[in-house]
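Each chain is listed here by its residues.
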Amino acid sequence: DELYCQLIKQTTNNPKPESTVKGWELFAICSGAFPPSKEFEPYLLHYCNQHRDDPQVGQHARYTMGRLLKAQDLPPRKEIPTAIEVE
């Protein structure tokens, strides 16, 4: 959960748009590899939902939400993310 807290901090009111986008790219990667705790997940989904229509990062926010919701139904991941997933 600490990872997600740091990404939220990086992507909230960041004056550098390119840094914000990179933070959201990390959200997208991490959401499939390191799901949040069940206690933190609602807050993270809410944060993603707040940004889903943002023209700059909305695509990443929607993708992250989808991966988080999918991860709810899957067992814990045992493999590292593939190069394709990271791209």
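Worth saying up front: this structure is predicted, and the values here are computed from it rather than measured.

Novice: Please provide a residue-by-residue account of the packing of helix 2 (residues 17-33) against helix 4 (residues 58-71), values included.
Specialist: Contact pair helix 2 / helix 4: the axes reach a minimum separation of 8 Å and the direction vectors enclose 15 degrees. By the angle between their directions, the pair helix 2 and helix 4 is classed as roughly parallel. Between helix 2 and helix 4 lies a crossing of left-handed hand. Residue-level inspection shows Val21, Trp24, Glu25, Phe27, Ala28, Ile29, Ser31, Gly32 and Ala33 of helix 2 in contact with helix 4, the latter providing His60, Ala61, Tyr63, Thr64, Arg67 and Leu68. Partitioning the contact of helix 2 with helix 4 into residue classes produces 9 nonpolar, 4 polar and 2 charged.

Novice: An account of the nonpolar core is needed here, citing residue identities and associated values.
Specialist: Counting 16 residues, the largest nonpolar core has Tyr4, Ile8, Trp24, Phe27 and Leu44 as its most contacted members. Elements represented by at least two residues in this core include exactly helix 1 (2-11), helix 2, helix 3 (41-50) and helix 4.

Novice: Which residues make up the pattern of salt bridges, and what are the values?
Specialist: In this structure the tally under the stated criterion is 1 salt bridge. Salt-bridge contacts for Arg52 lead to Asp53; the nearest nitrogen and oxygen are separated by 3.8 Å. For Asp53, a relative accessible area of 65% puts it in the exposed group.

Novice: So what's going on with the side chain of Thr20? Residues and values would help.
Specialist: With respect to the element layout, Thr20 can be found in helix 2. Ignoring anything within four residues of it in the chain, the contact list for Thr20 reads Thr11, Asn14 and Val57.

Novice: Break down the packing of aromatic side chains for me, citing the residues and quoting the values.
Specialist: Per the stated rule, a full pass over the model turns up 5 aromatic pairs. Aromatic side chains Tyr4 and Phe27 sit 6.2 Å apart centroid to centroid with 15 degrees between the ring planes, which places their arrangement in the stacked category. Taken together, the residues Tyr4 in helix 1 and Phe27 in helix 2 connect sequence positions 23 residues apart. Comparing Tyr4 with Phe27 shows no difference in burial state: the two are buried. Seen in terms of ring centroids, Trp24 and Phe27 are 4.6 Å apart; in terms of plane orientation they differ by 40 degrees. Their pairing is tilted. Of this pair, Trp24 and Phe27 both sit in helix 2, 3 residues apart, roughly one helical turn. Taking the relative accessible area as the measure of exposure, Phe27 reaches 0% and is therefore buried.

How each quantity is defined
- Residues numbered from 1 in each chain as written.
- Predicted model: local features only at pLDDT ≥ 70, side-chain atom pairs only at ≥ 80, totals over all residues.
- Heavy atoms only, no water.
- Axes fitted to C-alpha atoms, helices over the stretch in contact; angles between N-to-C directions.
- Helix = DSSP H or I, 4+ residues; strand = E, 2+ residues; numbered from the N terminus.
- Parallel < 35°, antiparallel > 145°, perpendicular 65-115°, else oblique.
- Left-handed = near helix turned anticlockwise from the far one by under 90°.
- Contact = heavy atoms within 4.5 Å.
- Nonpolar A, V, L, I, M, F, W, Y, C, P; charged D, E, K, R; others polar.
- Core = buried A, V, L, I, M, F, W, Y, C linked by side-chain atoms within 4.5 Å.
- Buried < 20%, exposed > 50% of the residue type's maximum accessible area, 1.4 Å probe, protein only.
- Salt bridge = Lys/Arg side-chain N within 4 Å of Asp/Glu carboxyl O.
- Phe/Tyr/Trp six-rings, centres within 6.5 Å; stacked < 30°, edge-to-face > 60°.

Structural measurements only, silent on function.
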